[in-house]
Each structure stands twice: as structure tokens, then as C-alpha cells.
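# Geometric and topological summary
Chain residues, written in single-letter form:
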There are 2 protein chains.
Amino acid sequence: MEPELDGPGRQRPVGRGPKVRAAVLAATLAELADGGYAALTVENVARRAGVHKTTVYRRWRDRESLVVDALAEQIAADIPIPDEGDVETDLRELARRFVGWATSPGGRAVLAAMLSDAVRVPEIADARGRLFQDRLRRAEPLVARAVERGELPADTDPARLIGTLVAPIYLRLLITGEPVDEATADQAARVALAAARAGALRR
Amino acid sequence: MEPELDGPGRQRPVGRGPKVRAAVLAATLAELADGGYAALTVENVARRAGVHKTTVYRRWRDRESLVVDALAEQIAADIPIPDEGDVETDLRELARRFVGWATSPGGRAVLAAMLSDAVRVPEIADARGRLFQDRLRRAEPLVARAVERGELPADTDPARLIGTLVAPIYLRLLITGEPVDEATADQAARVALAAARAGALRR
């Protein structure tokens, strides 16, 4: 037995370990790319991964958890959290990496799938919320380091800060359709930092 | 002949005037509510409004312009731009009115239609962008008055300020799924005001 793995999909420990996990998550991403969320089944994921479907259900209670875990790990790999030694650089770099991802073919596919099917498949809205919470959890140390260095008020809320950073980028992507580029990222970082320094992002 | 009407749908002047315009826009909203954007046709709108379809085409070049105009006027009526004498009250009030609309049955229907069909019907993305530009244009005087009163830096960009105000509300509505209420609106207004006062929303 190995220890319970950490992750938003709440999977349980089983034998064989990380290799099964990696194979199943890779199969999930491949199924998503082929047929989208609505067409994805645990059976097809298991077949593609070369494992029995009970092996999948032992770790993930449903396809939503499977998709959240697969996308969370993919996005975490695509958008690593920067640690450059000062909050201004870190926020700008995080915003730039997010913009790079959101405008890449992979990122666009994830965003389109997470939005277009959401009305028909309500669990997608839940998955989207859980993915965002996973991103917040991973970004929290960036804010904690800034507070430790005395760059931000001690009670700065990481969720509010990261939300303020990405909100104007999502606004362009999802609502206004205006171009999203490095300047968008830098402007978003300026606004988030100014609001945090002014104490408008306290808990 | 009456003067050319102002509006994002670029309609041309015709006889009979505002009554035809109001009837056609009301019919457009009714058709939207019944069948959504994808099913809407100029023919059905004309029939419902009791006018010939050439009358519609004389004022609106396509169904996208018709839908943008109809929704722009509806939203403008539902979310009037406040003018309370100080920018803090105005921004908070505007954010609260936007939240009230976005969480009402009518607002939710508009947002769902504007997003869910967008992947299948590309012109919806364009309509969404034009609707947002119409909102910005209507909100510009709020920012101009604040600058005149010396409450904000003279080169504050109205589009950036209003974008910063609504972005975190859209983030909750479209991405995180967290509740959207008066507190969300007030927090959004605090952040937008702090960023503007710090000069982070200059042109």
C-alpha cells in the first residue's frame, strides 16, 4: 500500500501506484481531446489506459473527478507558479504564463470545452470551479512569500489577489473578444498589485 | 425622414420611425427567448413585429445587428448608469445593478445564450463584443464626471476602469461558480477604485 495521493479528484490508494495514475490521466486527456467532455466515459478511459475500469473507480469516484485531476495536472505543468524573489515579477510572470497557455491550442481547447458544454452538462460547471480552486491552492505560496518579504499587507487574501490578476484576462477571452497578449498580462499584474498594496484585497 | 438613429446596430433612417424600431426590437427579444440565437431569423422577427422583412433590412443589415441593438437597449434599461455625485457611490451602485441583472432570470438567459452558442455560432462572439462596447460607451460619462470632480487621475481610461469593475463578477459567474451578491459588487468597486486612484488604470 502507498500513501493516499493528494489532489482535487479525491482518489484512493491502490497497488501499482503512480504509473497507473499517470496512464489513466493521460488516457483521460486523450479521450477529452477526441470527443470532449460529454462523450467521455470511464470505460473508454480504462480501455485506452490498459487497465480495468474497477481500477479507475478505485481511485476516482466519477468521470468529473477524473477530468478535474487530469486537467489540473496538465495546467499545473503548463503554467508553473513563478518564484523570482519579488511579487511584482512573480505576478507579471504568472499572468504572462496564463496568457501564453490560454492562447495556445491546448489552452483554447480546454477553455472551449469547459464553457461550451457547460449548459448541457452541469457537472462541467462544477469541474470548472474545482479546477480554479486547484489553481488558487497552487498559487497561494506566491502570495505567502510576498507577505513574508513585507511586499504586501499581512492579511492579503490569496484568492482575491489571484482572482483580480486573472479576471481581466478572462474578461477579454470570454466576453469582449479583445486581443490577449503580454501587454494584457502586464496591465493585469499592475492592477492586482496596486489593489493589493492599497489594502483592497484583504481577507 | 427622421434623423439617423444612434446605436451599435448601425440602422438606417426610414419612415414610421421609433414605433417600428420598438416593435422590431421587442419581437427580436421575444424570438430570442423562444428559440435562442441560432434559431432566430429576420423573417420570424418581421412576422412577429407585423412588418415586412424589407422594413427590417432597411434598418439592420443582419440578424446580429438586430440582436445587438435589442439586447443593448434591454440591458441599458435594466442597468441604468448611476449619477450619485461621487465616484465611490457610482461604482458601487453600478456593480450592484450589474450583479442584480446578471443574477435575474432575464440576465442569466442573456449570459447563457451569449456563451453557450458561441462556439457553434461565431457571430455570437462578435455580438458579445459589440454589446460590451455599447455598455462601455454608456458608462463613459460616469468616469468623465469623476475626473471632472478631481476624484480620479485625469487620464483614467474608462474602458479599463469599467472592465476592472465587472471582471471579477464575470469571473465568478463564468469560471469559479462562487456566489455573486452585493458583497461581490462592493468588493469589485473597492478594487476598481483603489486601482484607479493608484494610477494603474491610466490610458
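Residues numbered from 1 in each chain as written. Chains lettered and ligands numbered in written order. Predicted model: local features only at pLDDT ≥ 70, side-chain atom pairs only at ≥ 80, totals over all residues. Heavy atoms only, no water.

## Considering the UniProt feature "DNA-binding region" (unreviewed entry) in chain A
Our working definition: UniProt positions are given in the numbering used here, feature names are shortened, and annotations may be inferred rather than shown by experiment. Helix and strand labels come from DSSP, where a helix needs a run of H or I of at least four residues and a strand needs a run of E of at least two; each type is numbered from the N terminus.
The sites that carry the UniProt feature "DNA-binding region" (unreviewed entry) are, in the present numbering, residues 41-60 of chain A. Along residues 41-60 of chain A the backbone is 75% helical and 0% strand, and the end-to-end C-alpha distance reaches 13 Å.

## Remarks on the packing of aromatic side chains
Filter applied, for reference: What counts as a ring pair is set by centres within 6.5 Å for rings of Phe, Tyr and Trp (its six-membered ring), and what kind of pair is set by the plane angle: stacked under 30 degrees, edge-to-face over 60, tilted for all other angles. When a residue's accessible area, from a 1.4 Å probe over protein chains only, is under 20% of the maximum for its type it is buried; when over 50% it is exposed; and in between it is partly exposed.
Considering all chains together, one arrives at 4 aromatic pairs over all chains under this definition. Here the aromatic rings of F98 of chain B and Y170 of chain B are separated by 5.1 Å at their centres, their planes lie at 55°, and the arrangement is tilted. Of this pair, F98 of chain B sits in helix α5 (residues 87-102) while Y170 of chain B sits in helix α8 (residues 158-176); the two residues are 72 residues apart in sequence, bridging distant segments of the chain. Like F98 of chain B, the residue Y170 of chain B is buried in the burial classification. Taken together, the aromatic side chains of F98, W101 and Y170 of chain A make up a single cluster linked through ring pairs.

## Remarks on the packing of α5 of chain B against α8 of chain B
All names here are of chain B. Here is the rule we go by: Angles shown run from 0 to 180 degrees and are taken between the N-to-C directions of axes, each axis being a line fitted to C-alpha atoms and, for helices, limited to the stretch in contact. For any pair of crossing helices, the crossing counts as left-handed if the nearer helix is rotated counterclockwise from the farther one by less than a right angle, and right-handed if it is rotated clockwise. Residue contacts follow a heavy-atom distance rule, with two residues in contact if any of their heavy atoms lie within 4.5 Å.
For the pair α5 and α8, the least separation of the axes is 11 Å and the interaxial angle reads 35°. Of the two possible hands of crossing, α5 and α8 adopt the one that is right-handed. Facing α5, whose interface residues are L91, L94, A95, F98, V99 and A102, α8 presents L161, I162, L165, V166, I169, Y170 and L173.

## Brief notes about the pattern of salt bridges
Residue and element names in this part refer to chain B. Formally: We define a salt bridge as a contact between a side-chain nitrogen of Lys or Arg and a carboxyl oxygen of Asp or Glu at a distance within 4 Å.
In total, this model carries 34 salt bridges over all chains according to the counting rule given. With its nearest N and O atoms 3.3 Å apart, the salt bridge here joins R21 to D69. Linking R21 in helix α1 (residues 18-39) with D69 in helix α4 (residues 63-78), this pair joins segments that are 48 residues apart in sequence. We note that R21, like D69, is buried.

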